[in-house]
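# Architecture at a glance
Residues per chain, in single letters:
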Amino acid sequence: MTIHPIITIPAAVLRKTCKPVERVDGELNQLIDDMLETMYAAPGIGLAAPQINIPIRLIVMDISREDEDKQPLVMINPKIVSFSEARRRHEEGCLSIPEYYAEIERPAGVTVQYIDRNGEPQELTTDSFLATVIQHEVDHLDGKLFIDYLSRLKRDIVIRKFKKAKRRASNTTL
Ligand code: K2U
Ligand code: ZN
């Protein structure tokens, strides 16, 4: 299995609308295993394919605690078909925006339809923290980042900080 580098802002791939997965085959399942390994190594509780520079509609998640057995969840071509009226605020982070966290308000519950890694259609309804993670990951497939829910001023400050850090890193001579 392969641990892929995680793309950080302001990379263009994070702003693309990802293409649907056409075929669930051995190659896709290898990518799924690589994404899960990459997510666990980060460490993270979710990862979307564009975050490893592959703009297809594929996300992996695992919100199990360290002292629990792993519970990986793989969603191919996920579509959120309903949102609860109730909303909830939660602290979010993103592996593509390292070391930045903010409280974001989202619908507390979702119903999502997707294809599983065996190619079977599935439907999942949840109003736990998983609903927040699913929305965060599905946003990635549409080029949306959690900082887009902040005020324009806050979002621009975060993006400017990362652009400056990338310029400094590219000017550093080894
Ligand atoms: O998309 C990502 O970068 C994965 C996020 C998942 C996440 C979604 C919603 C709320 C929190 C995290 C990463 O796992 S960021 C690392 C992390 C892990 C646990 C809690 C907060 C941040
Ligand atoms: Zn993210």
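Residues numbered from 1 in each chain as written. Chains lettered and ligands numbered in written order. Predicted model: local features only at pLDDT ≥ 70, side-chain atom pairs only at ≥ 80, totals over all residues. Heavy atoms only, no water.

Each strand in a sheet pairs with another by means of backbone hydrogen bonds, the pair being arranged parallel or else antiparallel. Pairing within the open sheet is antiparallel, and its five strands lie in the order β1-β2-β3-β6-β7. Since the sheet does not close on itself, it has two edges, and those belong to β1 (46–48) and β7 (121–126), each with one partner. For this sheet, the mean inter-axis angle between neighbouring strands, taken without regard to orientation, is 40°. (Pairing = 2+ DSSP bridges. Helix = DSSP H or I, 4+ residues; strand = E, 2+ residues; numbered from the N terminus. Axes fitted to C-alpha atoms, helices over the stretch in contact; angles between N-to-C directions.)

Sheet topology places strand β3 (residues 73–83) next to strand β6 (residues 110–115); five bridges connect them, and they run antiparallel. Across the sheet, the residue bridging to K79 is Q113, located in β6. Two elements, β6 and β7, share six bridges in a ladder whose sense is antiparallel. Counterpart to T111 in the pairing with β7 is T125. In textbook terms, the turn of a hairpin is the stretch between consecutive antiparallel strands, and for β6 and β7 this stretch comprises five residues, one of which, G119, has a positive phi near 85°.

Time to look at the pairing of strand β5 (residues 97–107). Successive residues of a regular strand alternate their side chains across the two faces of the sheet. With seven bridges joining them, strand β4 (residues 87–94) and β5 adopt antiparallel strand pairing. Across the sheet, E92 pairs through a bridge with A102, a residue of β5. Once β4 ends, the chain turns through two residues before running back antiparallel as β5.

Turning to the site of ligand 1, a few remarks are in order. Looking at ligand 1, there are 13 residues lining it, with I45, Q51, L95, H136 and E137 nearest. Between ligand 1 and H136 there is a distance of 3.0 Å, counted from an oxygen atom to a side-chain nitrogen or oxygen. Interatomic distance of 3.2 Å between a side-chain N/O atom of H140 and an oxygen atom of ligand 1. Calculation on ligand 1 without its partners gives an accessible area of 480 Å², and the protein chains cover 85% of this total. For the shell around ligand 1, the element with the most residues is helix α2 (residues 129–141), which contributes four residues. The residue makeup of the shell around ligand 1, split by class, is five nonpolar, six polar and two charged. (Near = heavy atom within 4 Å. Polar contact = N/O pair within 3.5 Å; in protein donor to acceptor, adjacent residues only side chain to side chain. Areas by Shrake-Rupley, 256 points an atom, 1.4 Å probe, with all protein chains shown as cover. Nonpolar A, V, L, I, M, F, W, Y, C, P; charged D, E, K, R; others polar.)

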